[in-house]
Amino acid sequence: QLARIQTDGVVEMLRELYPDLRFEIAVAMSTTGDKILDTALSKIGEKSLFTKELENALERKEVDLVVHSLKDLPTSLPPGFTIGAVCKRENPLDAVVFHPKNRGKTLSLLPEKSVIGTSSLRRAAQLKKKFPQLEFRDIRGNLNTRLKKLDEKEDFSAIILAAAGLKRMGWENRIGQLLSPEDCLYAVGQGALAVEVRAKDQEILNMVSVLHDADTVLRCIAERAFMKRLEGGCSVPVAVNTVLKDGQLYLTGAVYSLDGSDSLKETMQTNVNYPQQNEDGPNDDVQHVGITAKNVSGHAQEAAENLGAELASLLLSKGAKHILSVARQLNDAR
């Protein structure tokens, strides 16, 4: 349902921009990540959990564009594909949805040993450290399924979800607590929607590129470059927070051990205040961590990508590789 709402939203924007074109939502597809629901995401070990089947349809030209949650897209896309648009980001923070009996509470007010559901190693690692009195357990399924599990059983006192998904579903009233970046840094790309297209399809690329939101593009390029340099994925706890203010892009990035006891966190900034130039010619197809954004300054995109890579290098020089490889091994052994 969420995937459908997200797709409908993007198509609606395109219809308004191109009233003469006919857009058809051809297919709702199930992906590997949708089908394997009894295993934690971090254990399935497939890099393109929610994307592979959709990319096959793109390649066969059965569809011309695919709408994804950006956080589901790997930092390196298969050859022949690109992210042609990154739409304006919804709130990227994580949200706590409480069991009806705990309504009005916050995580710190829950009784000791209360069980919190989350399928994200990133959320669990940060929150275990912050709330050692609580227990964290895997919960899978789409948003509807997870909310149902929360409401109809007594297994969970609360579950953690992305605020953006709840908002898009119209369930904002279920958000009992928004977790600030001090409580819980968010996932790379969280809250942003991406439109994936064939990299060489200039017509479609030009058409969707008007959906790019420049601020979101620069923030997400920095986040994705950070993740890429760390070689992180959903099997390790990597988290970020970005702020773009007065032409300065600030990136906070962190890595955690599975239980949150060991962590590294740093913040860096860079200037992204470059004018947009009409760079016609061979630079047209330059991708930055899988994103092609012709209408955003190339210098600014480069600066954002370098920021992410430099911050990751700083963490790696301080021992991030060890924290992540131990987390990976422990997760594989679970």
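If you check an unreviewed UniProt entry, the chain appears there as Porphobilinogen deaminase from Corythaeola cristata. The Subunit (unreviewed entry) field of the UniProt record for the chain holds the comment "Monomer."

**Quick look at the overall build of the chain**
Counting its regular elements, the chain contains eleven helices and eleven strands. Split into buried and exposed, the 334 residues of the chain put 52% on the buried side. Once local pairs closer than 6 in sequence are excluded, the contacts in the chain between residues at least 24 apart make up 71%.

**A short note on helix α5 (residues 121-130)**
In terms of burial, α5 is largely enclosed, as seven of its ten residues are buried. Among the residues of α5, L121, R122, R123, A124, A125, Q126 and L127 are the ones counted as buried. Its side-chain oxygen placed 3.2 Å from the backbone nitrogen of R122, S120 serves as the N-cap of α5.

**As for the pairing of strand β11 (residues 263-271)**
As paired strands, strand β10 (residues 248-256) and β11 are joined by nine bridges and run antiparallel to one another. From the neighbouring strand, L249 faces β11, where its bridge partner is T270. If you look at the hairpin formed by β10 and β11, you'll find six residues sitting between the two strands, and G260 has a positive phi there, around 80°.

**A short note on the sheet that holds strand β9 (residues 238-245)**
As summarised here, the arrangement of the three strands in space is β9-β10-β11, forming an open sheet in which the pairing is antiparallel. Strands with a single pairing partner mark the edges of an open sheet, and in this sheet they are β9 and β11. With strand direction ignored, the average angle separating the axes of adjacent strands in the sheet is 15°. Running at roughly 150° to β9, helix α9 (residues 214-230) makes contact with β9 and β10 of the sheet. Its contacts with the sheet put helix α11 (residues 320-333) on β9, β10 and β11, and the angle it makes with β10 is roughly 50°.

**Details of the side chain of N102**
Looking at the secondary structure, you find N102 in the loop between β3 (94-98) and β4 (115-117). Contacts of N102, omitting those with residues within four sequence positions, involve L110 and S157.

**So, the environment of G80**
Summarising the element assignment, G80 is placed in the loop between β1 (66-69) and β2 (81-86). Among the residues examined, G80 registers a relative accessible area of 46% and is labelled partly exposed. Once the C-alpha coordinates of G80 and E59 are considered, the two residues, 21 residues apart in sequence, prove to be 8.1 Å apart. Ignoring any residue separated from it by four or fewer positions in sequence, one finds G80 in contact with V197, R198 and A199.

**Side note on the sheet that holds strand β8 (residues 193-198)**
If you walk across this open sheet you meet the three strands as β1-β8-β2, and the pairing is antiparallel. Looking at which strands have only one partner, the edges of the open sheet turn out to be β1 and β2. In this sheet, neighbouring strand axes are inclined to one another by 40° on average, regardless of whether the strands run parallel or antiparallel. One ladder, built from four bridges, connects β1 with β8; its direction is antiparallel. If you follow H68 over to β8, its bridge partner there is A194. Where helix α1 (residues 2-17) meets the sheet, its contacts fall on β1 and β8, and the angle it forms with β1 comes to roughly 125°. Each of β2 and β8 is contacted by helix α8 (residues 202-209), which is oriented at about 25° to β2, the strand it contacts most.

**What to know about the side chain of H68**
Locating H68 in the fold gives a position in strand β1. A polar contact of 2.7 Å, which involves the side chain of H68, links it to the side chain of E196.

**Here's the deal with the confidence of the model for the chain**
Averaged over all residues, the pLDDT of the chain is 90; the fraction at 70 or higher stands at 90%. Predicted confidence for residues 41-49 stays below pLDDT 50, and this span has 23 contacts to residues more than four positions away or in other chains.

**What about the pattern of salt bridges?**
Enumeration over the complete set of coordinates arrives at 15 salt bridges. When the shortest N-O distance is used, the salt bridge between R60 and E62 registers 2.5 Å. Among the residues examined, R60 registers a relative accessible area of 52% and is labelled exposed. Residue E62 is classed as partly exposed on the basis of its relative accessible area of 47%. Its salt-bridge partner being R174, residue D151 comes within 2.8 Å of it at the nearest N-O pair. Pair noted here: D151 is in helix α6 (residues 143-152) and R174 is in the loop between α7 (163-168) and β7 (177-179), with a separation of 23 residues, a long-range link. Judged by relative accessible area, which is 31%, D151 ranks as partly exposed. Within the structure, one salt-bridge network assembled from shared partners comprises D64, R198 and D201.

**Focus: the environment of M227**
In this fold, M227 is placed in helix α9. Given a relative accessible area of 15%, M227 falls into the buried group. Through-space distance from the C-alpha of M227 to that of L311 is 9.9 Å; in sequence the pair is 84 residues apart.

The rules behind these values
- Residues numbered from 1 in each chain as written.
- Predicted model: local features only at pLDDT ≥ 70, side-chain atom pairs only at ≥ 80, totals over all residues.
- Heavy atoms only, no water.
- UniProt positions renumbered as here; feature names shortened; annotations may be inferred.
- Helix = DSSP H or I, 4+ residues; strand = E, 2+ residues; numbered from the N terminus.
- Buried < 20%, exposed > 50% of the residue type's maximum accessible area, 1.4 Å probe, protein only.
- Contact = heavy atoms within 4.5 Å.
- Polar contact = N/O pair within 3.5 Å; in protein donor to acceptor, adjacent residues only side chain to side chain.
- Pairing = 2+ DSSP bridges.
- Axes fitted to C-alpha atoms, helices over the stretch in contact; angles between N-to-C directions.
- pLDDT = per-residue confidence, 0-100.
- Salt bridge = Lys/Arg side-chain N within 4 Å of Asp/Glu carboxyl O.

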